[in-house]
Amino acid sequence: MNTILDSVRQLFQSPEPVQPGTYHYQSPPESDRQVRYHLRVDQDGKGLIILNASTVLHLNQTAVEYAYHLVQGTPAKEVARRISARYKTSPAQARKDYLKFQHQINLMLDLPDLDPVAYFGLDREQPYSGAQTAPYRLDCALTYRLPETSSPDLAPTRRVDRELDSAEWKTALDKAWEAGIPQIIFTGGEPTLREDLPDLIAHAENNGQVTGLLSGSPRLKEQDYLDKLLLTGLDHLMFILSPQHKESWEVLSFILKEDLFTTAHITLKPDLIPYLPRFVNTLADLNANAVSFSISEPDNQALVKSLEEARTLAAEKGLNLKWDLPVPYSRHNPVALEIEQERDQSGSGKAWLYVEPDGDVLPAQGVNRVLGNLLRDDWQSIWSSRQDQPAEG
């Protein structure tokens, strides 16, 4: 009788959701298709999967379950049985949906110049509202040093008295990976002034992390140097465009010929407003993958209006507008219009954190509240301290 009752209970019980944690898969060396999957499942059932350490896909709960079975190598028939039992759909439909999911993943693996962050079934209006155990991104300011030709007010050098060395940064990257942080953006100052930048990119890529760079350096026009960054695993770039300088456009044009997802960033200043349409047209002609804008003076209403205009012009030209990537530091701490107007949707301290050259962790660039130090403090205390007191702007 107990056997019959157990069978009845199993018939009406839904399979358990995927347990929070991280799951990994790497294809065997003899496989024709070489892939690496890293799946992170959060407490709310949502999560993300990293494809070949180059693209982060945000997933809703159903997509997480499909991704889990993809990582585990579960046969499609068994996936269909489990999903149909859990979501009360037919096995045929569940199998069809799973195979469609696999197909979409394979397409993304084959696409060149792929956006480093994409969304599968996640509402973009509230992308940071779930229960997370770690942010999705860490913005690492390797240095606050700048080229000699730069204005000294572009980086808050007074906040730090040292830079982590290569070994210390690698330890910090490992700690971030162990915490489940899938994406690293190397910023500054000017990060290409660190000669160990290629080595740090390679280390993060070997971990499985998606790597990005924020730079406006003319060094990126040096083919050998750019090739070195690409070969070490750099996945995407935000190029800091100085639109009033011809050389900056030449560097951007050179970069856009490479297989590298590149976002062009312009910080709008009062003297640049009249030339905004020309800048956007040129970016469209160059086939920039994406564009980003910020303003030098958030209280300047003319600049706020120009930011709205830039957003409209970019949309009209079919340019992908990025609003949630880090932007160059300045004393004005420029921010995107969406963040300024809808601060409750900002990912600061939730989707991303900011690490200063000495390892101190802030909720975001320009939010001068130290949550801890990535080398000295354990991750849980850093993550928990976000809620200890309100962030300062």
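The text that follows walks through the structure, step by step, so that each part is easy to find. (Residues numbered from 1 in each chain as written. Predicted model: local features only at pLDDT ≥ 70, side-chain atom pairs only at ≥ 80, totals over all residues. Heavy atoms only, no water.)

## Here's the deal with the sheet that holds strand E6 (residues 137–141)
Pairing is mixed across the open sheet formed by ten strands, whose spatial order is E12-E11-E10-E9-E8-E7-E6-E13-E14-E15. Every interior strand has two partners, whereas the edge strands, strand E12 (320–321) and strand E15 (372–373), have only one. Note that strand E8 (residues 210–215) and strand E9 (residues 236–240) share four bridges and pair parallel. Across the sheet, the residue bridging to Ser-215 is Phe-239, located in E9. Sheet strands touched by helix H6 (residues 197–207): strand E7 (183–187) and E8. Its angle to E8, the strand with the most contacts, is close to 155°. (Pairing = 2+ DSSP bridges. Helix = DSSP H or I, 4+ residues; strand = E, 2+ residues; numbered from the N terminus. Contact = heavy atoms within 4.5 Å. Axes fitted to C-alpha atoms, helices over the stretch in contact; angles between N-to-C directions.)

## Brief notes about the pattern of salt bridges
Counted by the stated rule, this structure contains 16 salt bridges. With a shortest N-O distance of 2.8 Å, Glu-78 and Arg-82 are connected by a salt bridge. Taken together, the residues Glu-78 and Arg-82, both in helix H3 (residues 76–87) and four residues apart, mark about one turn of the helix. (Salt bridge = Lys/Arg side-chain N within 4 Å of Asp/Glu carboxyl O.)

## A few points about the packing of helix H5 (residues 166–179) against H6
Close contact between H5 and H6 brings their axes to 10 Å; oriented N to C, the two are set at 25°. By the criterion of interaxial angle, the relationship of H5 to H6 is roughly parallel. Remark: the crossing between H5 and H6 carries right-handed chirality. Here Ser-166, Trp-169, Lys-170, Leu-173, Asp-174 and Trp-177 of H5 lie close against H6, whose contacting residues are Asp-199, Leu-200, His-203, Ala-204 and Asn-207. (Parallel < 35°, antiparallel > 145°, perpendicular 65-115°, else oblique. Left-handed = near helix turned anticlockwise from the far one by under 90°.)

## Some points on the packing of aromatic side chains
Applying the stated rule across the entire model yields seven aromatic pairs. Both rings, one in Trp-249 and one in Phe-279, keep their centres 6.2 Å apart while their planes meet at 40°; by these two values the pair is tilted. On the criterion of sequence distance, the pair formed by Trp-249 in helix H8 (residues 246–255) and Phe-279 in helix H9 (residues 276–285) is long-range, its members being 30 residues apart. Between Trp-379 and Trp-383, the ring centres sit 5.8 Å apart and the planes meet at 20°, which makes this aromatic pair stacked. Residue Trp-379 and its partner Trp-383 are located together in helix H12 (residues 379–384), separated by four residues, close to a single helical turn. Across this residue pair, the class does not change: Trp-379 and Trp-383 are buried. Within the aromatic cluster, the residues linked to one another by ring pairs are Tyr-66, Tyr-98 and Phe-101. A cation sits over an aromatic face here: Arg-219 above Tyr-225, 3.9 Å from the ring centre. (Phe/Tyr/Trp six-rings, centres within 6.5 Å; stacked < 30°, edge-to-face > 60°. Buried < 20%, exposed > 50% of the residue type's maximum accessible area, 1.4 Å probe, protein only. Lys NZ or Arg CZ within 6 Å of the ring centre and 35° of its normal.)

## Concerning unusual backbone geometry
Apart from glycine, the bulk of residues carry a negative phi angle, and the bulk of peptide bonds sit in the trans form. Residue Gly-189 follows Gly-188 across a cis peptide bond; omega there is 20°. Position of Gly-189 among the secondary structure elements: in the loop between E7 and H6. For Lys-88, which is not glycine, the phi torsion reads 55° and is therefore positive. Within the secondary structure layout, Lys-88 lies in the loop between H3 and helix H4 (91–110). On the basis of relative accessible area, Lys-88 is assigned to the exposed category, the value being 62%.

## Structural notes on the pairing of strand E13 (residues 352–355)
Within a regular strand, the side chains alternate between the two sheet faces. Of the two faces of E13, the one lined by Trp-352 and Tyr-354 and the one lined by Leu-353 and Val-355 are each fully buried. Both E13 and strand E14 (residues 360–362) contribute to a ladder of two bridges, which runs antiparallel. Each residue of the ladder has a partner; that of Val-355, found in E14, is Val-361. Linking E13 to E14, which pair antiparallel, is a turn of four residues; within it Gly-359 sits at a positive phi near 95°.

## Some details on the nonpolar core
When a protein is soluble and globular, its nonpolar side chains tend to lie buried together. The biggest cluster of nonpolar side chains holds 61 residues, and the ones touching the most others in it are Leu-138, Phe-186, Leu-220, Leu-283, Phe-293 and Trp-379. At six residues, the largest contribution of residues to this core is made by helix H10 (residues 301–316). In this structure, Leu-70, Phe-101, Met-108 and Ala-118 belong to the second largest nonpolar core, which totals 28 residues. (Core = buried A, V, L, I, M, F, W, Y, C linked by side-chain atoms within 4.5 Å.)

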